[in-house]
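# Fold and contact review
These are the residues of each chain, in order.
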Amino acid sequence: MNIKTIGVEDWLNVHEKSATVDIAQSTIASLTQDEILSLDDGDPAAFYEQFGREKMNYGWIEGSPAFKERVAGLYRTVHPDNVLQTNGATGANLLAVMALVQPGDHVVAEYPTYQPLYELPRALGAQVDYWQIHEELDWNPDIDELRALVTPHTALICINNASNPTGTVLPRETLEQIAEIADSVGAYVLSDEVYLPLDDTCDYTSMADLYDRAVVTNSLSKTYSVPGIRMGWTASNAEVADKIRVLRDYTLICGGVFNDAMAVHVLDHRDRILARNQRIIAENRAIVEAWLAGEPHASWVAPRGVSTSYLRLDIPVDDEAFCLDLLERFGVLLVPGSRFELPRGARLGYCAPKETLHRGLELLSQALRQFD
Ligand SMILES: Cc1ncc(COP(=O)(O)O)c(C=O)c1O
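Residues numbered from 1 in each chain as written. Predicted model: local features only at pLDDT ≥ 70, side-chain atom pairs only at ≥ 80, totals over all residues. Heavy atoms only, no water.

Before going further, it helps to examine the sheet that holds strand β14 (residues 345-348). Reading across from one edge, β10-β11-β14-β13 is the order of the four strands in this open sheet, with antiparallel pairing throughout. Only two strands of the sheet have a single neighbouring strand rather than two, namely β10 (298-300) and β13 (335-336). Each of β10, β11 (309-313) and β14 is contacted by helix α11 (residues 270-293), which is oriented at about 135 degrees to β10, the strand it contacts most. (Pairing = 2+ DSSP bridges. Helix = DSSP H or I, 4+ residues; strand = E, 2+ residues; numbered from the N terminus. Contact = heavy atoms within 4.5 Å. Axes fitted to C-alpha atoms, helices over the stretch in contact; angles between N-to-C directions.)

Enumeration according to the criterion identifies eleven aromatic pairs in this entry. An angle of 75 degrees between the planes, with centres 6.2 Å apart, marks the rings of F67 and W233 as edge-to-face. With F67 in helix α4 (residues 65-72) and W233 in strand β9 (residues 231-235), this residue pair connects regions lying 166 residues apart in the sequence. Using a relative accessible area of 0% as the deciding quantity, one classes F67 as buried. Pairing Y111 with Y130 gives two aromatic rings, centres 3.6 Å apart and planes at 10 degrees, and the pair type is stacked. Residue Y111 is located in strand β3 (residues 106-111), and its partner Y130 is located in strand β4 (residues 127-134); the two are separated by 19 residues in the primary sequence. (Phe/Tyr/Trp six-rings, centres within 6.5 Å; stacked < 30°, edge-to-face > 60°. Buried < 20%, exposed > 50% of the residue type's maximum accessible area, 1.4 Å probe, protein only.)

Let's shift gears to the domain arrangement of the protein chain. Partitioning the protein chain into structural domains gives domain 1 (7-26 + 271-371) and domain 2 (56-268). Taking only C-alpha atoms, the centre of domain 1 and the centre of domain 2 are 26 Å apart. Listed by partner, the interface residues are 24 residues for domain 1 and 29 residues for domain 2. When domain 1 packs against domain 2, the two sides together hide about 2200 Å² of surface, and 56% of this comes from carbon and sulfur. Sorting the residues of domain 1 by area buried against domain 2 places L274, V301 and R304 first, and these three jointly supply 24% of that buried surface. Where domain 1 packs against domain 2, one counts one salt bridge. Its salt-bridge partner being E135, residue R312 comes within 2.6 Å of it at the nearest N-O pair. The tally of links from domain 1 across to domain 2 stands at 13 residue pairs in polar contact (both at pLDDT 80 or more). Listed by contribution, the elements that provide at least two residues to the side of domain 1 that touches domain 2 are α1 (7-15), α11 and β11. Considering each element in turn, the side of domain 1 that touches domain 2 owes the most residues, six residues, to α11. Here the residues of the side of domain 1 that touches domain 2 are counted per class, giving nine nonpolar, eight polar and seven charged. (Domains from an automatic or database assignment. Buried area = accessible area lost by both parts, 1.4 Å probe. Salt bridge = Lys/Arg side-chain N within 4 Å of Asp/Glu carboxyl O. Polar contact = N/O pair within 3.5 Å; in protein donor to acceptor, adjacent residues only side chain to side chain. Nonpolar A, V, L, I, M, F, W, Y, C, P; charged D, E, K, R; others polar.)

What follows is the structure in structure tokens.
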């Protein structure tokens with residue numbers, strides 16, 4: 001299989017361990033194991049004591065019944081049988097695309113956004129057309145352009161809602177229009193929903209609840225602050241779930257007994273984690289807004305309750321060269337916008353711990369002073 005490097009992952013793999021001030025990540029300040037296991041006000045030691053008696057066999061192959069029920073409960077219309085545990089949303093996207101795309105298929109993908117949503121279909125032999133996002137539409141795509149791109153041969157439409165890196169949340173009305181367009185040609189919709197908007201004013205709905213031929217991918221890595229347990233899932237109709245079952249046996253078998261137990265614990269205390277993260281998002285967003293008010297070389301379309309954001313940088317040099325210089329001289333890590341095909345800017349992961357965010361923005365301003 002010929003497949004391109006994922007620009008953002010390649011950048012992070014090379015640079016994230018050398019950064020002293022990391023404001024590049026899209027996860028909302030990751031939780032420690034102790035924090036996770038104290039969510040019920042219990043003693044983490046009790047979890048380990050009980051867990052010490054668990055056999056390290058393969059466990060539940062598709063995810064435990066508790067996991068599948070908790071995940072199905074996040075949607076109005078998804079049956080637990082059609083929830084399948086995966087190796088993060090990374091694994092979920094791979095399995096979904098493998099299940100839905102044949103060589104020669106026509107695929108339309110929102111662009112630019114999370115790269116696997118178009119590189120995977122292309123690597124599997126699909127002809128991929130891009131549904132562009134537009135800065136003048138606050139990084140939304142235009143639904144009429146989707147209408148023009150979809151043909152009777154379109155097998156799949158891929159979207160990232162909310163979107164990495166811009167944080168754009170597609171409104172319910174747009175999702176309904178996507179569903180109607182997909183339905184008109186019998187296409188599936190793959191909706192990567194790892195960034196759940198934590199803003200009450202967002203008109204957010206999962207595609208799973210709007211369209212029977214939707215395959216939704218998600219994980220505990222971003223909004224739930226637990227990327228380290230690598231727990232994701234696909235939610236779909238029964239037909240696609242059966243296809244993914246076959247593919248899971250080749251790629252995964254199971255997600256692991258320990259990871260599953262942690263995932264159930266996280267989902268059982270979802271409300272607490274989301275309340276914590278809603279606070280972080282609101283407070284950190286205010287920090288960035290205040291910083292932007294005094295920083296002439298940066299601007300953003302403020303993300304609505306989503307942990308990832310795109311900073312437009314008004315600088316006369318290449319964004320990758322600038323980000324490298326920022327890292328080498330100040331230890332600050334951003335992701336150059338070019339890594340997302342969005343040059344002249346950078347991804348800002350503003351849901352880092354507050355001191356890190358303050359320090360990172362202060363140093364970023366120091367670096368930007370050279371362009372005054
Ligand atoms: C949109 C999107 N989907 C999926 C993933 C992969 O997430 P996971 O850690 O659950 O594999 C990422 C990671 O950055 C992402 O941004």
